[in-house]
Amino acid sequence: MIFTSYDFLIFFVVVFSLYWLARRRQWQNILLLVASYIFYAWVHPWYALMLGLSTLADYGLALGVVRNQSRARLFLTLSLILNLGLLGFFKYYNFFSEGLVAALTDIGIQADALLVRILLPAGLSFFTLKKLGYLIDVSRGDLEPTRSLLDFSLFVAFFPQINAGPIDRAQKLLPQIQSDRVWKAENFYSAWPLIVMGFFKKVVIADTIRVVVDRVFSLKEPTIALLLAASLGFALQILADFSAYTDLARAIARLFGFDTSENFRSPYLALTPTDFWNRWHITLSTWLRDYIFFPLRRAFLRAHTPRWLTDSIPPLVTMFVSGLWHGAGWTFVVWGLAYGVLIVLYQAIGMGGAWKPAHKLSGFAAWLVMFAFIVITFAIFRAPTLEWLFTVLASGSIFGSLDFQAVTVVTLSMTAFYAAPLVVKMLMDRTLRADSFWHDLYYVTATVAMLAYLNSSSPDFIYFQF
Amino acid sequence: MKAFLRYFSLLILSLALLSAWIVAGGRADFPASAAPTFDAGIDMTHRDGIDARQPRIVLLGDSMVEENVDLAALSRALGQDVYRIGYPGSSSAMWYLSIKNNILQAAHRPKAVVILFRDSVPTTPTYRVGGKFNAMLDTLAGADEETLLQRAFLASMNPLEKTARQFLPAYRLGYQARDSVEFLHRVAFPRLLLHCNRRCVDAAFLDIFNFRTIAPPAANDPVAQEEAVLYSHRALDFSAQVRDSFLPEIIRLCRENGIQLILIRGKTISFADLPEPRGLDAYIFDLQDYLTKNGASFADLEADARLGTGDFIDRFHVQPEARGTYTQMLAEALIPLLP
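Structure report, in brief. Keep in mind the model is a prediction, meaning the values are calculated, not measured.

### Here's the deal with the overall build of chain A
Item 1. Scanning chain A from N- to C-terminus turns up 18 helices and zero strands.
Item 2. The globule rule puts the C-alpha radius of gyration for 466 residues at 23 Å, and the 23 Å found for chain A is close to it.
Item 3. The principal-axis extents of the C-alpha atoms in chain A amount to approximately 65 × 65 × 55 Å.
Item 4. Residues counted as buried form 45% of the 466 residues belonging to chain A.
Item 5. A sequence separation of at least 24 residues applies to 73% of the contacts in chain A between residues at least 6 apart.

This is the structure we're talking about:
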C-alpha cells in the first residue's frame, strides 16, 4: 500500500477516525499496531509474521541485556546475528546465489534450486536499523528498554515509517508512544503543507522525470552527454521521490499526534561530502555516524593508530556500509566507497565537516564542484551495472548524432523545468514567512498541478527497494 | 489556521475559475462522463487491407507479431494466405476493437483469427489503455464503445477518480496540460539549440528508444515494473478476471461470424533467469480450458526449447536470424488447429 493510492486513503480514514475516537492511549497504541501490521502485510502477509517474530526476539534480547548484565554482550551479539542475518539473507541472497551456483556447478554439484529469487520485504532495511539502534543503545546503557511489548512493537512497526523511514530513534519515538495524545488542530495545520508538497513532488516531479531517466538508463549505449543529463534527472527524481515519501510519512505521523524527524535539508546545496550527508537522508546518516563511524574512530584513537588511518578508515568503512545498505550490487558499493574517498580527500585538503567558505566566490566554487560530484556519483548509483557504465564512458561518444543531441536537450529541459518548483520553494522558504500569502499561492498552484498530473497507478516510491 | 483557510479558499476559487474557463471554452462537458471519449472516426486501413488481400487467416497482436514472424514464410508453411495486424504495445482492448471495427467490417471473412499473446494480457482489460495507448485506441474506437469504456476504464476506477473525472475538468483534462508541457520540451529547446523541429525530435526518440537499442537485462527493469500488473494475484486469477475482460466478447464476435479463434501464447524469455510468477501456470491452464469449452483453440510456444536467450533481443523480440525458427514454431502450432 503506498501513500498516494486510493487503498491507502480508505485505510487512513478508517484508522484515523477510530484512533481519535479511542481517546485512551492504550487503545490508540493497540489500534496503531494492528493498523501497522495490516499496512505491512497488505502485499505479502508472510513478511508481517517475520516482522512480528523478529520484533519479539529483539524485545526479549533487550530485556535480557538489562536483566543479565554478565550476558549482555551475548544478547547483543544474538540480536546482531538475527537482524543482520535476516537483512543479509533477504537483501543479498540474490546477489550471491548466482556466483554460488556457478561455483558449485564447477565442482560438479547441480544447485539450480538455489537460483530461486528472494523478494526483499519492503522496509526491512529501515526497521532493522531501528531495532539495532535500540539494542545497541540499551547495551550501552544509553536507553532504558521498555517493558511494554506493545510499545516496542509499535516503535518498530509504526506504519508511517515502516516502509522507508525516517529511521527515528527510540529516544525520540518511544516517549511519544508512551505519552497521552489528544487531538489538536495544530496537528492538521502542520501536516497539510507536507501533504501538498509530498503529493506534488511525487506525482508531478518524480513520476514524470522518472520516465525519461528510466529510458536513458536502459539504453545499450547512450552518449556521455545523455548519461550526464539523465544523471541530473535522476538526482532530481530521487530527491523529489524520497523527500515526498518523507513529507507524507511525517504528515501522517503528525495527524496521529507524533513528531518525527526530517530527512532532507536542501542536500544539493552542500559544499562538501560531509555537508551533503548532513543534509541527505539525515536519519540514516546520523545512524551510520553514531553506530559505525564514531565507534570505529574511537577504536582507532584508542589503539593509537597513525593519524592518516584514523582519518581515512572510519569514513571509508561507514560509506561502504552505506552503499551496501542501499542495495546488493557493485554499483551501490562503489557509490558508497566513492563518497568515502571524497570525504577522506576533502578532509585531507582541510575541507572537513566544520569547513566554511571564506567568501561567496569560494562558496560558489565549492558548491559547483560538490554538485558535480553528486550528479556523477548518482550516475554510478543508477547505472544498471558497472560494466555498462565503463562501456559508456570508455567507448561512448560525447554528444553523438543529432538524434542523441535532441534527446539530451529534451532531458535537460525537462530536468530544469521540473526542478524549478523546488528551487522556487527553497528560495521562498529562505526569504518569506511560512504563513505568507505567497506560500499559499504556491501550494494552490502545486495542488492544481498535482490534480492535472495525478495518475491512479503511481509507481512505488524509489526507497522502498532499499 | 489562517494560512490553511486562505489556501483552501484560493484553491476552491482557482478550481472554479479553471473549470469555468475549460467548460466555457467548450474544452469539456460539465458534468462529464467519467470514461474517456473517443471521436467517431475509425482507421479502416486493415479492413481495406483484408478486402484487398482476401486472406484465410488474420494474425493479430502486438510488436511480437511484427518483429518475430516472417509473414511470407508463415503463409508458405501453412499453405494459406496470412494477413498481419500488429500494433506495437497493444493489448486486449486494441485487439477487441481491431476484430470488431476492422476485421468484421471487411466484406471478406477470414476463416481464422490468430491472436499471439503473452502472460495474462487476454484477461487484463485495463492493461495499456491509458496515456499514449488511449490515443492508439482512439484510432480504432468509434464514438459509442460501451463495452470498451466499461471494461477498460470504468470498471477499474475508484469512486474518487470517477467523481474527479466528472466534476473536475482540470483533473479530466490533466493529460492535455501534461502534453502541453511535454510539447514545450520537445519543441522549444531542441528547435532553439539544434534547429530540430518537432518531427525531428519525434524521429530522434523513435530512433534512440526502441527495443533494439535497449540493453538486456537492465532495460527490462522498467519494462518489468510496468508488467508487474500482469502477474499480480488478481490478474492471474483467471476465473475472477475473465468475465469482465474482452475475451468473452472476442470469442462471441468470432463465433457469431463463423471465424475460428486461436490464441497462441508466444515464446518469450521473461522467465529465463527468474522463476515464473506463482499462478501463471494455473492461469494458462484455466485459459486453455475456457477457450476449449467456448469453441476456441489454444497453443503454447512458451516451453518450446528451440529458441533460447541468445536468440532474443529483449524479453519478447527475437533476433532477425531467429525469426525463421519462431515462424516455424508458430506454423507447427497452427497447422493442427486451423479449419
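There is more to say after this.
### What about the environment of L454 of chain A?
All names here are of chain A.
Item 1. Looking at where L454 falls in the secondary structure, it is placed in the segment after α18 (437-453).
Item 2. The exposure class assigned to L454 is partly exposed, which follows from the 19 C-beta atoms found within 10 Å.
Item 3. C-alpha of L454 to C-alpha of T4: the two residues are 450 residues apart in sequence and 9.5 Å apart in space.

### Quick look at the packing of helix α9 (residues 185-217) of chain A against helix α17 (residues 402-431) of chain A
Between two packed helices, what matters for the description is the angle formed by their axes and the separation of those axes.
All names here are of chain A.
Item 1. Closest axis-to-axis distance for the α9/α17 pair is 10 Å, and the angle between their directions is 160 degrees. In terms of their interaxial angle, α9 and α17 are classed as roughly antiparallel. α9 and α17 meet at a crossing whose hand is left-handed. Contact residues: α9 offers I205, T208, I209, V212 and V216, while α17 offers T411, M414, T415 and Y418.
Item 2. Residue composition of the contact of α9 with α17, by class: six nonpolar, three polar and no charged.

### Observations regarding the nonpolar core
Item 1. F155, A157, F200, L248 and M450 of chain A are the most contacted members of the largest nonpolar core, which has 128 residues in total.
Item 2. Per-element accounting of this core gives the leading share, 21 residues, to helix α10 (residues 224-255) of chain A.
Item 3. Two domains each donate at least three residues to this core, and these are domain 1 (43-171) and domain 2 (187-465) of chain A.
Item 4. Formed by 64 residues, the second largest nonpolar core is a distinct cluster that contains V69, V82, A106 and V121 of chain B.

### Brief notes about the interface of chain B and chain A
Item 1. In this assembly, 44 residues from chain B lie in contact with 40 residues from chain A.
Item 2. Going through the elements one at a time, α1 (2-24), α8 (159-167), α9 (169-172), α10 (174-194), α11 (198-208) and α12 (220-227) of chain B are the ones with two or more residues in the side of chain B that touches chain A.
Item 3. Here the side of chain B that touches chain A gets ten residues from one element, more than from any other, and that element is α1 of chain B.
Item 4. The residue makeup of the side of chain B that touches chain A, split by class, is 31 nonpolar, six polar and seven charged.

### Some details on the packing of helix α5 (residues 92-101) of chain B against helix α6 (residues 132-140) of chain B
Residue and element names in this part refer to chain B.
Item 1. The geometry of α5 relative to α6 is characterised by a closest axis approach of 9 Å and an angle of 10 degrees between their N-to-C directions. As far as their axial angle goes, α6 and α5 are roughly parallel. Residue-level contacts link A93, M94, L97, S98 and N101 of α5 to M136, L137 and L140 of α6.
Item 2. Considered class by class, the residues forming the contact of α5 with α6 number six nonpolar, two polar and no charged.

### Some points on unusual backbone geometry
A negative phi holds for most residues other than glycine; trans holds for most peptide bonds.
Item 1. Going from F30 of chain B to P31 of chain B, the amide bond is cis rather than trans, its omega being -10 degrees.
Item 2. With respect to the helices, strands and loops of the structure, P31 of chain B is situated in the loop between α1 and α2 (45-53).
Item 3. For R23 of chain A, which is not a glycine, the phi torsion comes out positive at approximately 65 degrees.

About the thresholds
- Residues numbered from 1 in each chain as written.
- Chains lettered and ligands numbered in written order.
- Predicted model: local features only at pLDDT ≥ 70, side-chain atom pairs only at ≥ 80, totals over all residues.
- Helix = DSSP H or I, 4+ residues; strand = E, 2+ residues; numbered from the N terminus.
- Rg over C-alpha atoms; globule rule 2.2 N^0.38 Å.
- Buried ≥ 20, exposed ≤ 12 C-beta atoms within 10 Å, placed from the backbone.
- Contact = placed C-beta atoms within 7 Å.
- Axes fitted to C-alpha atoms, helices over the stretch in contact; angles between N-to-C directions.
- Parallel < 35°, antiparallel > 145°, perpendicular 65-115°, else oblique.
- Left-handed = near helix turned anticlockwise from the far one by under 90°.
- Nonpolar A, V, L, I, M, F, W, Y, C, P; charged D, E, K, R; others polar.
- Core = buried A, V, L, I, M, F, W, Y, C linked by C-beta atoms within 7 Å.
- Domains from an automatic or database assignment.

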